[in-house]
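The chain contents come next:
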Amino acid sequence: MITQVAVITGGAQGIGKAMAHRFLSDGFAVMIADYDADAGRETAAEYAALGAIRFVQANVASEPDVVRLVADTVAAFAGVNVLINNAAISCNSPVTELSLADWERVLGVNLTGPFLCAKHFAPLLRKRYGAIINIASTRALMSEPNTEAYSASKGGIVALTHALAASLAPDVRVNCISPGWIETGVWAKSSVRAVPAHTPADKNQHWVGRVGQPEDIAHLAAYLASDKSGFITGTNMPVDGGMTHKMIYV
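As the structure is a prediction and not an experimental result, all values here were calculated from the model.

Procedures and definitions
Residues numbered from 1 in each chain as written. Predicted model: local features only at pLDDT ≥ 70, side-chain atom pairs only at ≥ 80, totals over all residues. Heavy atoms only, no water. Helix = DSSP H or I, 4+ residues; strand = E, 2+ residues; numbered from the N terminus. Polar contact = N/O pair within 3.5 Å; in protein donor to acceptor, adjacent residues only side chain to side chain. Contact = heavy atoms within 4.5 Å. Buried < 20%, exposed > 50% of the residue type's maximum accessible area, 1.4 Å probe, protein only. Axes fitted to C-alpha atoms, helices over the stretch in contact; angles between N-to-C directions. Parallel < 35°, antiparallel > 145°, perpendicular 65-115°, else oblique. Left-handed = near helix turned anticlockwise from the far one by under 90°. Nonpolar A, V, L, I, M, F, W, Y, C, P; charged D, E, K, R; others polar. Salt bridge = Lys/Arg side-chain N within 4 Å of Asp/Glu carboxyl O. Phe/Tyr/Trp six-rings, centres within 6.5 Å; stacked < 30°, edge-to-face > 60°. 1 Å grid on protein atoms, 1.4 Å probe; cavity = no way out; pocket = protein on both sides within 12 Å on 5 of 7 lines; lining within 4 Å. Points joined across faces, edges and corners; volume = space filled by probe spheres on them. Pairing = 2+ DSSP bridges.

**A few points about the side chain of N110**
Along the chain, N110 falls in helix 4 (residues 100-127). Among the polar contacts made by the side chain of N110, one reaches the side chain of S153 at a distance of 3.1 Å. Excluding residues that lie within four positions of it along the chain, N110 makes contacts with A87, A88, I89, Y150, S153, K154 and I157.

In structure tokens:
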């Protein structure tokens, strides 16, 4: 029996780390790619008892790094069933002060990275009728000031998702999750890990009465990777406690 394999970019901390835990718990072999080598090695060691896990240091905005990630995945696990494009960075700055270099750096990781990973993993995914899950953000749908680079990159992810779903059909399903406020403090590497303190206002502004957790995203990712979601492709799914539908007047 072929072991199912999940590749998770940005898998060493936060939402990515929670997804790695969930997929390992579901019996997948997991390859995590992350730019932070310390976090990656720590997560791989921490999760070793859960199943087969490997870490590759990679910058997903670099095509040679992505090609190496594919090669390392094949060497370790022979193939791939699920690609999760989760790696992301931000640089919030007034648009008049946002440098072109910072703009391009954010789009490179957040948007070019998923394109490169989809491009180079697609042949492997086709062989196993696999799935791609892109992690966008509710910032693709709504904004706060000074988030142009991040918001543009996440809006691009939503569009990239349905474009890939069309191009890779029917062999590969491609879907997108748009998290809202997800508290990642306890899923950070040990040197910066922190237990969050949320006020009643923080919690109650969400219709569900709490701030989101990385597990909320991991549960949906596991569903989208499974045969149970076999009729779902090209879709963006906000996971935000209702915030993108909440009418707010001051």
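More follows now that the structure is in view.
**Side note on unusual backbone geometry**
Residue P170 follows A169 across a cis peptide bond; omega there is -5°. Tracing the chain through its elements places P170 in the loop between helix 5 (148-168) and strand 6 (173-179). Positioned with a positive phi, A78 is a non-glycine residue whose angle comes to about 75°. Looking at the secondary structure, you find A78 in the loop between helix 3 (63-77) and strand 4 (82-85). Backbone geometry at Y129 places phi at a positive 45°, although glycine is not the residue there. Within the secondary structure, Y129 sits in the loop between helix 4 and strand 5 (131-135). When its relative accessible area of 61% is taken as the criterion, Y129 is described as exposed.

**Points about the packing of helix 4 against helix 5**
Between helix 4 and helix 5, the shortest axis-to-axis distance is 8 Å and the interhelical angle comes to 15°. Classed by the angle they form, the pair helix 4 and helix 5 counts as roughly parallel. In this structure, helix 4 meets helix 5 at a crossing whose hand is right-handed. Facing W103, V106, L107, N110, L111, P114, F115, A118, A122 and R126 of helix 4, the residues of helix 5 in contact are E148, A149, Y150, A152, S153, K154, G156, I157, L160, L164, S167 and L168. Here the residues of the contact of helix 4 with helix 5 are counted per class, giving 15 nonpolar, four polar and three charged.

**A closer look at the pattern of salt bridges**
Under the criterion given, the structure shown has eleven salt bridges. For the salt bridge of D26 with R22, the shortest nitrogen-to-oxygen distance reads 2.9 Å. The partly exposed category is assigned to D26, whose relative accessible area is 40%. In this structure R22 comes out as partly exposed when scored by relative accessible area, which is 26%.

**Here we look at the packing of aromatic side chains**
Taken as a whole, this structure holds one aromatic pair when the rule is applied. Ring geometry for F23 and F28: centres 4.9 Å apart, planes at 75°, overall edge-to-face. The exposure class of F23 is buried, given its relative accessible area of 1%.

**Observations regarding the layout of surface pockets**
One way to see where empty space is left: roll a probe the size of a water molecule over the atoms. The volume enclosed by the largest pocket comes to roughly 1200 Å³. Lining the largest pocket are 43 residues, with I15, A88, I89, Y150 and K154 sitting closest to its centre. Taken together, the elements giving at least two residues each to the lining of the largest pocket come down to helix 1 (14-25), strand 2 (29-34), helix 4 and helix 5. Here the element with the most residues in the lining of the largest pocket is helix 1; it accounts for three residues. Tallied by class, the residues present in the lining of the largest pocket amount to 19 nonpolar, 17 polar and seven charged. As a volume, the second largest pocket reaches approximately 190 Å³. Lining the second largest pocket are 15 residues, and of these Y129, G130, R173, A225 and D227 lie nearest its centre. Each residue belonging to the lining of the second largest pocket can be placed in one class, and the counts come to six nonpolar, five polar and four charged.

**Here we look at the sheet that holds strand 6**
The strand order across the open sheet formed by seven strands is 3-2-1-4-5-6-7, and the pairing between neighbours is parallel. Either end of the sheet is taken by a strand with one partner, and the two such strands are strand 3 (53-57) and strand 7 (236-239). When the angles between neighbouring strand axes are averaged without regard to direction, this sheet yields 15°. As judged from the three bridges shared by strand 1 (residues 5-9) and strand 4, these two strands associate in the parallel manner. Counted as the bridge partner of V7 is L83 from strand 4. Of the strands in this sheet, strand 1, strand 2 and strand 3 are in contact with helix 3, which crosses strand 2 at around 155°.

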